[in-house]
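# Analysis of the macromolecular model
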Amino acid sequence: MTTTVYVPRDSAALAVGADRVARQIAAEALARNLPVRIVRNGSRGLFWLETLVEVQTPQGRVAYGPVVRADVPGLFDADFLGGGAHALNLGLTEEIAYLKKQERLTFARMGVTDPVSVADYEAHEGFAGLRRALALAPADIVQQVLDSGLRGRGGAAFPAGIKWKTVLAAQARQEYIVCNADEGDSGTFSDRMTMEGDPLMLVEGMAIAGIATGATEGYIYVRSEYPHAIATLNEAIGNAEQAGFLGDDILGSGRSFRLIVRKAAGAYVCGEETALLESLEGRRGIVRAKPPLPALQGLFGQPTVINNVITLASVPLILARGADFYKHYGVGRSRGTLPFQLAGNIRHGGLVEKAFGLTLRELLYDFGGGSASGRPIKAVQVGGPLGAYVPESQWDLPLDYEAYAAVGAVVGHGGIVVHDDTADMSQLARYAMEFCAIESCGKCTPCRIGSTRGVEVIDKITSNQNRPQQVILLRDLCDTMLHGSLCAMGGMTPYPVLSAINHYPEDFGIEAPDRAAA
Amino acid sequence: MTETTDTAGPGIAASIAAAHKDVPGGLLPALHGIQDAQGYVPPDAVPLVAEQFNLSRAEVHGVVSYYHHFRSAPAGRLLVQVCRAEACKAMGADALLQHAEQRLGCGVHGTSADGQYSLEPVFCLGLCASSPSIAINDEVHARITPALFDEIVEEARQAS
Ligand SMILES: Cc1cc2nc3c(=O)[nH]c(=O)nc-3n(C[C@H](O)[C@H](O)[C@H](O)COP(=O)(O)O)c2cc1C
Ligand code: SF4
Ligand code: FES
């Protein structure tokens, strides 16, 4: 009897040798005359256990990890194909606490299925949402998305349904759906995992968005740093077309939707939606002033829905199970779940999908197991490079857009980067300014000039040249950037900078914040 | 700036540009095509692309120079990218970058004298839970220590 063995194809698994492990398993099986079928699944997102190899047994899938090539002969000797005992045996995958404690709605198939197999996808509730959408009037689809409470997962948390409604109401020769897959934030990888591990979910979400708004073309703008995601997406799109879920006359409904993958070129600011549209149109990715809103004049001047990968990927489930099911998760106005991403100096880094409302402390310790270095955790940057450094006094706040905004922090895309007590917060603040200087699109002065000045001022503070005056200057500069920038690149760079100086003044050589906390 | 000695170069660039000129927003895909084929976007390809797209040379040059991904000069045989973003910093990326400069014999944005290596910073490879990370000619590697860095670079050199 042939045994099915799963070896992830996610980049984070490939980066620690998953391909070698897969080849070695195939070679050993051949040498021992044992019939094995290797499926390259996505990652479960338990990255400290990659390469996580799973074996299908009558009891369920048994996990082994982290497996390196040299472990493979020993695994065969221990009868791992039968779920045998071995030092790397982790038991049934579904029972691993880190996974079991999660609420995987969007990531339910992640690591379970073959990412590019339409049959596997359908066997796990795939395309149920699209089938349901095809039976509804466009306005009713939009209503479902509105009722679910789904807000954009790309950072700004704007209600998805409102954007869709605007595009549905707009009159034009052509409408577009654009997926923002530029995921440039440090500490975020849930978009990448989706494209590599369950791309058909994004395909389905975009097709639903198209049917809901009348758009027949969609673009996925993927960063060039993600070659594996681009390849997997293209493979999945080809398979979906062949199976009739994309293209002209989707499932005989008379509706059509085409998807095109576009490779970006390494400019962080192209994650900003209007810069992204400029880039898709073939120009330098420079931010456009709003209005006009992209929903009215977006790609090639036409009405355009532009949403993040996770926003679009959340839609199939909402359609399949209904708005109420989704809305039931979460707190306050933050509904549903967010795939939190635990990264940096953390023992158990990985993807944790939970309903909004849990706390950072739970993520850091119950899931993350504390720092990787074993040293005390000092600062946690939440929400990407433009997010604030959150000190321990705030780790018990619920992760909810409004609760974080109230303390001058952001949940953003759910990226969580952990630093231990060796981190020098003045250097991280300097880095935030430097990053802004390198990545600024240059359109407005506060960001373009302010960030370069910011680096200089922080250098003067740390080398104690007129320190008190320079601190005042830095705060003024941040104020100008906050209020005078055209987009959040310049407008949010002060978040990491001010939070660092307010919560860790000693790292700047000053005693206490001389003004109220940011 | 180096002269292109490859006579096929301009021809390739012109035909790739021609193939994309009617694609909506086709300039980036065309430039990607040229860089994928030749390893960089040669300065003498710029006027050819401009002609196909009915743009000025300045506009095309502006696009090439705006994006970090596009190169106007060839890279070394191995393009080594070291992540410099926060999650990797939290796990020693700064020291790793210094080590890389020494091992490869070139500074950041530089190419080693023997043309073997180019070193570039990168801002996140999406491997932030397995930091620090690097990529060599698009192949990703995670949890990098200096010793592992040397091993991986040597292996890539032998394979290339
Ligand atoms: C500098 C900058 C970078 C951004 N990068 C991203 C990104 O990588 N991915 C993303 O989805 N949104 C990013 N955004 C937010 C987008 O502008 C936009 O809000 C989002 O794509 C809308 O989709 P959503 O409503 O589904 O979140 C960025 C914004 C700024 C200002
Ligand atoms: S804030 Fe910075 S990135 Fe945004 S528009 Fe102004 S210059 Fe460009
Ligand atoms: S920060 Fe280095 S891979 Fe994300």
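The rules behind the values
- Residues numbered from 1 in each chain as written.
- Chains lettered and ligands numbered in written order.
- Predicted model: local features only at pLDDT ≥ 70, side-chain atom pairs only at ≥ 80, totals over all residues.
- Heavy atoms only, no water.
- UniProt positions renumbered as here; feature names shortened; annotations may be inferred.
- Contact = heavy atoms within 4.5 Å.
- Helix = DSSP H or I, 4+ residues; strand = E, 2+ residues; numbered from the N terminus.
- Buried < 20%, exposed > 50% of the residue type's maximum accessible area, 1.4 Å probe, protein only.
- Pairing = 2+ DSSP bridges.
- Near = heavy atom within 4 Å.
- Polar contact = N/O pair within 3.5 Å; in protein donor to acceptor, adjacent residues only side chain to side chain.
- Nonpolar A, V, L, I, M, F, W, Y, C, P; charged D, E, K, R; others polar.
- Buried area = accessible area lost by both parts, 1.4 Å probe.
- Salt bridge = Lys/Arg side-chain N within 4 Å of Asp/Glu carboxyl O.
- Domains from an automatic or database assignment.
- Phe/Tyr/Trp six-rings, centres within 6.5 Å; stacked < 30°, edge-to-face > 60°.
- Lys NZ or Arg CZ within 6 Å of the ring centre and 35° of its normal.
- pLDDT = per-residue confidence, 0-100.
- Core = buried A, V, L, I, M, F, W, Y, C linked by side-chain atoms within 4.5 Å.

## A short note on the UniProt feature "binding site: [2Fe-2S] cluster" (unreviewed entry) in chain B
On the UniProt side, "binding site: [2Fe-2S] cluster" (unreviewed entry) is annotated at positions that read C83, C88, C124 and C128 of chain B here. Taken along the chain, the residues just named run across 46 residues; in space they keep tight, none of their C-alpha pairs more than 9.4 Å apart. Those residues in contact with C124 of chain B, other than ones at most four positions away along the chain, are G184, D185, S186, G187, T188, R223 and E225 of chain A together with C83 and A85 of chain B. Mapped onto the elements of the fold, C128 of chain B is located in the loop between β2 (117-122) and β3 (134-136). Assessed through its relative accessible area of 2%, C128 of chain B is described here as buried.

## Some words on the pairing of strand β4 (residues 60-64) of chain A
All names here are of chain A. Of all five residues that make up β4, five are buried, and the element is covered over most of its length. Between the antiparallel neighbours strand β3 (residues 53-57) and β4 lie two residues. Sheet topology note: the β4/strand β5 (residues 89-92) ladder contains three bridges and is antiparallel. Looking at the pairing, V62 lines up with L92 of β5.

## Some points on the site of ligand 1
All names here are of chain A. G154, N180, N307, N308 and T311 are the nearest of the 18 residues found near ligand 1. Contact between ligand 1 and G184: an oxygen atom at 3.5 Å from a main-chain N or O atom of the residue. Within the side chain of N307, an N or O atom sits 2.8 Å from an oxygen atom of ligand 1. In terms of residue count, strand β9 (residues 304-308) provides more of the shell around ligand 1 than any other element does, three residues in total. Residues that form the shell around ligand 1 fall into these classes: four nonpolar, eight polar and six charged.

## Concerning the interface of chain A and chain B
Accessible area lost on assembly of the parts is the figure often given for the size of an interface. Contact residues are listed per partner, giving 60 residues for chain A and 38 residues for chain B. Buried area between chain A and chain B, both sides added, is near 3600 Å², and the carbon and sulfur share of it is 58%. By the criterion of area lost to chain B, the three top residues of chain A are K263, A265 and Y431 of chain A, representing 17% of everything that side buries. Summed over the shared surface of chain A and chain B, the result is two salt bridges. Linking chain A with chain B are 23 residue pairs in polar contact (both at pLDDT 80 or more), by the criterion used here. In terms of residue count, the dominant contributor to the side of chain A that touches chain B is helix α17 (residues 425-439) of chain A (six residues). In terms of residue class, the side of chain A that touches chain B is built from 31 nonpolar, 17 polar and 12 charged.

## Examining the site of ligand 2
The local shell around ligand 2 holds 13 residues, among which C441, C444, C447, C487 and G490 of chain A are the closest. Residues belonging to the shell around ligand 2 are distributed by class as follows: eight nonpolar, four polar and one charged.

## Focus on the domain arrangement of chain A
Residues and elements named next belong to chain A. Its domain assignment divides chain A into domain 1 (3-101), domain 2 (119-328), domain 3 (330-420) and domain 4 (425-508). Between domain 2 and domain 4, the C-alpha centre-to-centre distance is 34 Å. Counting residues at the interface gives 10 residues for domain 2, matched by seven residues for domain 4. Roughly 680 Å² is buried in total at the junction of domain 2 and domain 4, and carbon and sulfur atoms are behind 76% of that figure.

## So, the packing of aromatic side chains
All names here are of chain A. Counted under the stated rule, the structure contains 17 aromatic pairs over all chains. Ring plane angle 70 degrees and centroid distance 5.0 Å describe the contact between F76 and F80, whose orientation is recorded as edge-to-face. Judged by relative accessible area, F80 falls into the buried class, the value being 1%. Residues Y176 and Y219 carry aromatic rings whose centres are separated by 6.2 Å and whose planes lie at 55 degrees to one another, so their mutual orientation is tilted. Here the residue Y176 occupies a position in strand β6 (residues 176-181), and Y219 occupies one in strand β7 (residues 217-222), the gap between them amounting to 43 residues. Judged by its relative accessible area of 6%, Y176 falls in the buried class. By relative accessible area, which is 3% here, Y219 ends up buried. Positioned above the aromatic ring of F367, the side-chain terminus of K101 is 4.7 Å from the ring centre. Sitting above the plane of the F325 ring, R321 keeps its charged end 4.8 Å from the centroid.

## With respect to the confidence of the model for chain B
All names here are of chain B. Predicted confidence across chain B gives a mean pLDDT of 94, with 94% of residues reaching 70 or more. Throughout residues 1-7 the model reports pLDDT below 50, and contacts reaching past four residues in sequence, or to other chains, amount to seven contacts. Reported confidence for the predicted complex is 0.96 by ipTM and 0.97 by pTM.

## Some thoughts on the pattern of salt bridges
All names here are of chain A. Under the defined criterion, the tally for this structure stands at 38 salt bridges over all chains. Across the salt bridge formed by D10 and R192, the nearest N and O atoms sit 3.0 Å from each other. With a gap of 182 residues between them, D10 in the loop between β1 (3-6) and α1 (11-14) and R192 in helix α9 (residues 190-197) connect regions that are remote in the sequence. Under the relative-accessibility criterion, R192 is labelled buried at 1%. If you follow the salt bridges from partner to partner, you end up with R44, E54, R61 and E94 in one network.

## A few points about the nonpolar core
With 96 residues, the main nonpolar core has M425 and L474 of chain A together with Y67 of chain B as its most contacted residues. Per-element accounting of this core gives the leading share, eight residues, to α17 of chain A. Here Y67 of chain B is in contact with Y221, A265, A267, C270, S279, R283, R284 and G285 of chain A together with L28 of chain B, once residues within four sequence places are set aside. Formed by 56 residues, the second largest nonpolar core is a distinct cluster that contains L130, L200, F245 and A295 of chain A.

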